[in-house]
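Spelled out, the chains give:
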Amino acid sequence: MLQKKYIYWHCQFIGWSFYIAVNSIFSGLNYQSTFSEYIIYFVMLLAGLFISHVYRSLVIGLDILRKKIPYQLLFIVFFSFIKGVLFFLIILAQWRLMRINLSNLNLISSSEYILNFSGVFCMWNVIYFGFHYFQNYRRAEINSLRYLAASRESELNHLKAQLNPHFIFNCMNSIRALIDENPANAKVAITRLSNLLRNTLILDKDREIPVEKELQLVRDYLDLEKIRYEERLNFNIEISEEALIQLLPPFLIQSQVENAIKHGISRLPGPGEIQISVTTGSGELQISVSNTGHLISQTPLTGVGFKNSIQRIELLYGKNAGITIREAEEWVIVEIHLPLRVKS
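As the structure is a computational prediction, the values presented were derived from the model and not from experiment.

A. Focus on the overall build of the protein chain. When helices and strands are tallied, the protein chain shows 9 helices and 7 strands. Residue pairs at least 24 apart in sequence account for 75% of intrachain contacts in the protein chain once pairs closer than 6 positions are excluded. Carbon together with sulfur atoms contributes 61% to the accessible area of the protein chain, which is approximately 20,300 Å² in total.

If you want it as structure tokens, here you go:
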């Protein structure tokens, strides 16, 4: 509030001083200004400050800035004329007090003075109202951006929360299948699941995590599934050194690996393989998750993991990132590209 008052009074003094200075300069071009005329200029400065400030108080008191535009325009035109008349009367009174010759002053010249002064006050309105319109526009824009950020944050949290039950459900299904087949492996799997869930809770707190942490989670999950599928599941992870510190949404690779097992490896009659590649190139983080098998129509595109990944990428990176899925030579390949980002 104090800063706005400071700006207001500075603009008032600078604006009216400039107007008076211009008038005095143009008057001085025609004839030599006298001391009495400089007194008049000073009175004009005070009159301009006083009238415009009282008018501002009226604008605030009547809450004109919240009125409809036609009403505001009518108010501005009417009061610009009133202020022009009042300003002229103050100057006229000053001329009479100083006994300045007014023989050349008539109705036409008086009207010219009034219109000139009204134009000055109209310009004052343009600057004052324009400033407030610009300020309100920026405030509305900031509020809109804050609302958008809050809604996106809420949606991201919802999407992350959606992954946890899905992930735990898949893990528990794997362990349930082991209980009857191999109780010893089931015990090992429960221990791995405990470690996995501990890491999951840590990673779930962040919007983005380093690739290195995400891949540690992926390795733990694949080790857990390896207990269940044994020789039916083989996996290979390749990552470049510079990709380790890059950031990505948690569970992004993990959810693609889950899909690869659920829709690919589990459906194969024999051994299957999952290949994970994370590299940097062309100014982006390039992720590839491939599994042996065939692309089942619609299923990967409508599954929780894939849809969730698409939504989170769009919310976080917009058009600067993307995810695609395709089949090539009995391999299903998911490719993800993200902008390069490291933890500051």
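Now, onward.
B. Representation of helix α3 (residues 69-97). Over its 29 residues, α3 runs 42 Å from end to end, which matches the ideal 42 Å to within 8%, given 1.5 Å per residue. Within the sequence span of α3, burial applies to Gln-72, Phe-75, Ile-76, Ser-80, Lys-83, Gly-84, Phe-87, Phe-88, Ile-91, Leu-92, Gln-94 and Trp-95. Immediately beyond the C-terminal end of α3, within one or two residues, lies Arg-99, with a positive phi of roughly 55 degrees.

C. Highlighting the sheet that holds strand β7 (residues 331-339). With respect to topology, 5 strands assemble into an open sheet ordered β2-β4-β5-β7-β6, the strand pairing being mixed. Edge positions in the open sheet fall to β2 (233-239) and β6 (322-328), since each of these has one partner strand only. Between one strand axis and the next, the sheet turns by 15 degrees as a mean value, whatever way the strands run. In this structure, β2 lies alongside strand β4 (residues 272-281), joined through 7 bridges in parallel fashion. If you follow Asn-234 over to β4, its bridge partner there is Glu-273. Contacts between helix α6 (residues 211-229) and the sheet are confined to β2, β4 and β5 (284-292), with β2 contributing the most and set at about 165 degrees to the helix. Across the sheet, helix α7 (residues 252-263) lies against β2, β4, β5, β6 and β7, angled at about 155 degrees from β4, the strand it touches most.

D. Seen up close, the environment of Pro-339. With respect to the helices and strands, the residue Pro-339 is situated in strand β7. Residue classification places Pro-339 among the partly exposed positions, given a relative accessible area of 22%. In sequence terms Pro-339 and Tyr-317 are 22 residues apart; their C-alpha atoms lie 7.7 Å from each other. Discounting residues that sit within four places of it in the chain, Pro-339 has contacts with Tyr-317, Asn-320 and Ala-321.

E. Up close: the packing of aromatic side chains. As enumerated under the stated definition, the model contains 9 aromatic pairs in all. Between Tyr-55 and Phe-75, the aromatic rings sit 5.9 Å apart at their centres with planes inclined by 25 degrees, giving stacked as the arrangement. With a gap of 20 residues between them, Tyr-55 in helix α2 (residues 35-61) and Phe-75 in helix α3 connect regions that are remote in the sequence. For the pair Tyr-55 and Phe-75, a shared accessibility class is recorded, and that class is buried. Taking the centre distance of 5.8 Å and the plane angle of 75 degrees together, the rings of Phe-87 and Phe-121 count as edge-to-face. With Phe-87 in helix α3 and Phe-121 in helix α4 (residues 107-181), this residue pair connects regions lying 34 residues apart in the sequence. The residues Phe-87 and Phe-121 share a single accessibility class, namely buried. Within the aromatic cluster, the residues linked to one another by ring pairs are Tyr-55, Phe-75, Phe-78, Phe-79, Trp-124, Tyr-128 and Phe-129.

F. Structural view of the packing of α6 against α7. For the pair α6 and α7, the least separation of the axes is 9 Å and the interaxial angle reads 20 degrees. It follows from the interaxial angle that α6 and α7 lie roughly parallel. Relative to α7, the crossing made by α6 is right-handed. In contact with Glu-214, Leu-215, Leu-217, Val-218, Tyr-221, Leu-222, Glu-225 and Tyr-229 of α6, α7 contributes Leu-252, Ile-253, Gln-254, Val-257, Glu-258 and Ile-261.

G. Representation of the pairing of β5 within the structure. Of all 9 residues making up β5, 7 are buried, and the element is well covered by its neighbours. Here β4 runs beside β5; their pairing, made up of 8 bridges, is antiparallel. Counted as the bridge partner of Ile-274 is Asn-291 from β5. Hairpin connection, β4 to β5: the antiparallel pair is bridged by 2 residues, and Ser-282 has positive phi, about 55 degrees. Across 9 bridges, the pairing between β5 and β7 is antiparallel. Bridging from a neighbouring strand, Ser-288 pairs with Glu-335 of β7.

H. Structural view of the pattern of salt bridges. In the structure shown here, the tally under the stated rule is 2 salt bridges. With a closest N to O distance of 3.1 Å, Glu-335 and Arg-326 form a salt bridge. On the accessibility criterion, Glu-335 (32% relative accessible area) is partly exposed.

I. Fine view of the side chain of Ser-80. Relative to the helices and strands, Ser-80 is located in helix α3. For Ser-80, the side chain forms a polar contact with the main-chain oxygen of Ile-76, separated by 2.6 Å. Of note is the side chain of Ser-80, whose polar atom sits 3.2 Å from the side chain of Asn-125.

What counts as what
Per chain, residue numbering runs from 1 following the sequence as it is written. Given that this is a predicted model, residues contribute local features only at a pLDDT of at least 70 and side-chain atom pairs are listed and counted only at 80 or more, while totals for whole chains, interfaces and linings are drawn from all residues. With hydrogens and water excluded, all non-hydrogen atoms of the structure serve as input to the side-chain values. Helix and strand assignments follow DSSP, with helices taken as H or I runs no shorter than four residues and strands as E runs no shorter than two, numbered in order from the N terminus. Whether two residues touch is decided by their heavy atoms; if any such pair falls within 4.5 Å, the residues are in contact. Working definition of accessibility: Shrake-Rupley area with a 1.4 Å probe, residue cover restricted to the visible protein chains. One less than the residue count of a helix, multiplied by 1.5 Å, gives the span that helix is expected to have. To sort residues, take the accessible area from a 1.4 Å probe on protein chains only and compare it with the maximum for the residue type: under 20% means buried, over 50% means exposed, and anything in between is partly exposed. Two strands qualify as a pair provided that DSSP identifies no fewer than 2 bridges between them. Every axis corresponds to a line fitted to the C-alpha atoms, with the helix fit spanning only the stretch in contact, and the corresponding angles, defined between N-to-C directions, vary from 0 to 180 degrees. In this scheme Phe, Tyr and Trp rings, the latter by its six-membered ring, pair at centre separations within 6.5 Å, and the angle between planes marks the pair as stacked below 30 degrees, edge-to-face above 60, and tilted otherwise. We call two directions roughly parallel when the angle between them is under 35 degrees, roughly antiparallel when it is over 145, roughly perpendicular when it lies between 65 and 115, and oblique otherwise. If you view the pair so one helix is near and one far, a crossing is left-handed when the near helix is turned anticlockwise from the far one by less than a right angle, and right-handed when it is turned clockwise. Counted as salt bridges are all cases of a side-chain nitrogen of Lys or Arg within 4 Å of a carboxyl oxygen of Asp or Glu. Any pair of nitrogen or oxygen atoms within 3.5 Å is treated as a polar contact; in protein, a donor-acceptor pairing is required on top of that, and neighbouring residues in sequence qualify only through side-chain atoms on both sides.

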